[in-house]
Amino acid sequence: MPEDEPIEPLAIPITGELDLHAFRPAEVTALLDDYFAECRRRGIHRVRVIHGKGTGTLRATVQAHLRRSPGVAGFTPGDETTGGWGATLVTLKPADSC
């Protein structure tokens, strides 16, 4: 694709599960904020963020952002049924408390 052609935005289904494998690390923090805001608007307050196991760099980036995010009530690593170290389970604050 030529560099001067605009890139079409990618539509992401809002299901309470966000897989970050298709995104560049530089896109992740803004994506998380936008996705969480849309989840809150839809009444979704539990989100599974799939970042993969890899070297742990993306997981660390995600979790550092979650610690700073005023809309996040808490988070925990996934367990054996939700992705283990490859996922983070996030609890969002209600939209009216952010």
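So, a few notes on the structure that sits alongside this text.

Cut-off values and rules
Residues numbered from 1 in each chain as written. Predicted model: local features only at pLDDT ≥ 70, side-chain atom pairs only at ≥ 80, totals over all residues. Heavy atoms only, no water. Helix = DSSP H or I, 4+ residues; strand = E, 2+ residues; numbered from the N terminus. Buried < 20%, exposed > 50% of the residue type's maximum accessible area, 1.4 Å probe, protein only. Areas by Shrake-Rupley, 256 points an atom, 1.4 Å probe, with all protein chains shown as cover. Axes fitted to C-alpha atoms, helices over the stretch in contact; angles between N-to-C directions. Parallel < 35°, antiparallel > 145°, perpendicular 65-115°, else oblique. Left-handed = near helix turned anticlockwise from the far one by under 90°. Contact = heavy atoms within 4.5 Å. Nonpolar A, V, L, I, M, F, W, Y, C, P; charged D, E, K, R; others polar. Pairing = 2+ DSSP bridges. Expected span 1.5 Å × (residues − 1). Arc of directions from axis to C-beta. Salt bridge = Lys/Arg side-chain N within 4 Å of Asp/Glu carboxyl O.

Observations regarding the overall build of the chain
So, step 1. Secondary structure summary: the chain contains two helices and four strands in total.
So, step 2. In sequence order, the chain lays out its α and β elements as β-α-β-α-β-β.
So, step 3. Residue burial in the chain is summarised as follows: out of 98 residues, 37% are buried.
So, step 4. For the chain, the exposed area adds up to about 6,300 Å²; of that, 55% sits on carbon and sulfur atoms.

Topic: the packing of helix α1 (residues 28-41) against helix α2 (residues 57-68)
So, step 1. Two elements in contact, α1 and α2, have axes separated by 10 Å at closest approach and are oriented at 50 degrees. Looking at the two axes, α1 sits oblique to α2. For the element pair α1 and α2, the recorded crossing hand is right-handed. Contact residues: α1 offers Val 28, Thr 29, Leu 32, Asp 33 and Phe 36, while α2 offers Leu 58, Val 62, His 65 and Leu 66.
So, step 2. Taken together, the residues that form the contact of α1 with α2 break down as six nonpolar, two polar and one charged.

Things to note about the pairing of strand β4 (residues 87-92)
So, step 1. For β4, a buried count of five out of six residues is recorded, marking the element as mostly surrounded by other parts of the structure.
So, step 2. Examined bridge by bridge, strand β2 (residues 46-50) and β4 share five bridges and lie antiparallel to one another. Its bridge partner being in β4, Val 49 is matched across the sheet by Thr 88.

Remarks on α2
So, step 1. Its twelve residues give α2 an end-to-end C-alpha distance of 17 Å, which sits within 8% of 16 Å, the value for a rise of 1.5 Å per residue.
So, step 2. Residues Leu 58, Val 62, Gln 63, His 65 and Leu 66 constitute the buried set of α2. Buried residues of α2 fall within an arc of 160 degrees about the axis and therefore sit on the same side. Pointing more than 90 degrees away from the buried face of α2 are the exposed residues Thr 57, Arg 67 and Arg 68.

Describing the pattern of salt bridges
So, step 1. Applying the stated criterion to the full structure yields four salt bridges.
So, step 2. Between Arg 48 and Glu 17 there is a salt bridge, with its nearest N and O atoms 2.6 Å apart. In this pair, Arg 48 sits in strand β2 while Glu 17 sits in strand β1 (residues 17-19), placing the two residues 31 residues apart along the sequence.
So, step 3. Among the salt bridges present, the one from Glu 38 reaches Arg 42, with a minimum N-O distance of 2.8 Å.
So, step 4. According to the relative accessible area criterion, Glu 38 is partly exposed, its value standing at 22%.
So, step 5. A network of salt bridges, in which partner residues are shared, links Glu 38, Arg 41 and Arg 42.

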